[in-house]
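Next come the chains, spelled out residue by residue.
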Amino acid sequence: MPSSLSAVPDIDEQLAQTMLERLAVIEDRLRESVSTNDHLARWTARHLLDAGGKRVRPMLVLLAASLGDAQRDEVIDAAVLVELTHLASLYHDDVMDSASTRRGTRSAHAIWGNNVAILTGDFLFARASGLSSRLGTEAVQLHSLTFERLCLGQLHETVGPQDDEDPFEHYISVLSDKTASLLALAGQLGALQAGAPEGSAEVMRRYGEKIGVAFQLADDVLDLESDPGTSGKTPGTDLREGVPTMPTLLVRRRAAAGERRAAAIVERLEGDLSDDAALEEVVAMLREDPALEETRTLAQRTADEAIGVLSELPAGAVRDSLAGFARSLVQRSR
């Protein structure tokens, strides 16, 4: 059961209990959704599911659905749909980033190879598409558009900004497509499938877009501050893999402006970080750099903007819980 639910400030106690019960149903349905008679896929498709996870996206589906009738079975299908899509994207991301671990365990491609990992991700996308077809034409369309954004986000991250493109705007657009698009879908589908009042789904879509960016910016901070014992992730993993993050972009901008300390960090970032000692050194330097706190502030400001969007919803327990959910995503320690 996701421990992150207990970390959501201001969540209504009765709502939290209902969500815990529904999350248990979602967990069972997730396992049903990846089951197959195929000997290999039976193991590869469950690999990341069995590794656990915070289930942030299903929680958002349930919170959004609480604006209407959250007991509808279609709400469960929507939650499973978004989590399967998320899991599928992780198989692909780990291949693209050459990540050796995920959620404290070996990544799928490190065990079975790139081809198997990619095809397993495709298998999960197929299962998610089957669920969207059960929810109707609108859900199919929304899911397909989200899938398109996930692909474009990964493509743009891989290629990098064009010569005439601002690297910060490019980075935020990548976060919007790779992370925020699926959280926007979670909020929108949750409200739609629960029959929430007119306009609620659009509010939840915009809220999801904002918290998705805030969530990933907070992740940039965690990549430098994380405790391997609790997060299962070595600090500086993104640095070693050459993945751009907001702190490194901020440091590079100051280095380009002639700041010597920033230039020293960039020199190490562009060096060989395969050695643990070299990685620890640059992580320590970034932890002391203003860029880390700037990124944390930006994440909080974006979460505050998401909370501002909620003013269009009726006051009450659900709106308060959604505000607490946004805060929890940027204040988490893992």
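Worth saying up front: this structure is predicted, and the values here are computed from it rather than measured.

**With respect to the nonpolar core**
As a rule of thumb, nonpolar side chains are buried together in soluble globular proteins.
Move 1: Membership of the largest hydrophobic core comes to 67 residues, with the highest contact counts inside it found for L60, M204, Y207, L322 and F325.
Move 2: For this core, the element with the highest residue contribution is helix α5 (residues 73-97), accounting for 13 residues.
Move 3: Ranked by size, the runner-up nonpolar core spans 30 residues in total, among them A180, L249, V266 and A291.

**A word on the packing of helix α7 (residues 114-135) against helix α8 (residues 137-159)**
Move 1: At a closest axis distance of 7 Å, the pairing of α7 and α8 adopts a crossing angle of 150 degrees. Our classification of the angle between α7 and α8 gives roughly antiparallel. Each of F125, A128, S129, S132, S133 and L135 in α7 lies in contact with α8, whose residues at this interface are A139, V140, H143, F147 and L150.
Move 2: By residue class, the composition of the contact of α7 with α8 is seven nonpolar, four polar and no charged.

**A word on the packing of helix α9 (residues 167-193) against helix α13 (residues 246-256)**
Packed helices, taken two at a time, are described by their axes: the angle between them and the distance between them.
Move 1: Remark: α9 packs on α13, axes separated minimally by 11 Å, with the N-to-C direction vectors making an angle of 175 degrees. With respect to their mutual orientation, α9 and α13 come out roughly antiparallel. Seen from α9, the contacting residues are P167, F168, Y171 and I172; seen from α13, they are M246, L249, L250 and R253.

**Things to note about a nonpolar patch on the surface**
Move 1: A contiguous nonpolar patch, built from L152, L155 and V159 and spanning about 250 Å² of accessible area, is present on the exposed surface.
Move 2: Along the chain, L152 falls in helix α8.
Move 3: For L152, a relative accessible area of 33% puts it in the partly exposed group.

About the thresholds
- Residues numbered from 1 in each chain as written.
- Predicted model: local features only at pLDDT ≥ 70, side-chain atom pairs only at ≥ 80, totals over all residues.
- Heavy atoms only, no water.
- Core = buried A, V, L, I, M, F, W, Y, C linked by side-chain atoms within 4.5 Å.
- Buried < 20%, exposed > 50% of the residue type's maximum accessible area, 1.4 Å probe, protein only.
- Helix = DSSP H or I, 4+ residues; strand = E, 2+ residues; numbered from the N terminus.
- Axes fitted to C-alpha atoms, helices over the stretch in contact; angles between N-to-C directions.
- Parallel < 35°, antiparallel > 145°, perpendicular 65-115°, else oblique.
- Contact = heavy atoms within 4.5 Å.
- Nonpolar A, V, L, I, M, F, W, Y, C, P; charged D, E, K, R; others polar.
- Patch = residues over 30% accessible without salt bridge, like charges linked within 9 Å, V, L, I, M, F, W, Y side chains within 5 Å.
- Areas by Shrake-Rupley, 256 points an atom, 1.4 Å probe, with all protein chains shown as cover.
- Salt bridge = Lys/Arg side-chain N within 4 Å of Asp/Glu carboxyl O.

Don't take any of this as a statement about function, it's just geometry.
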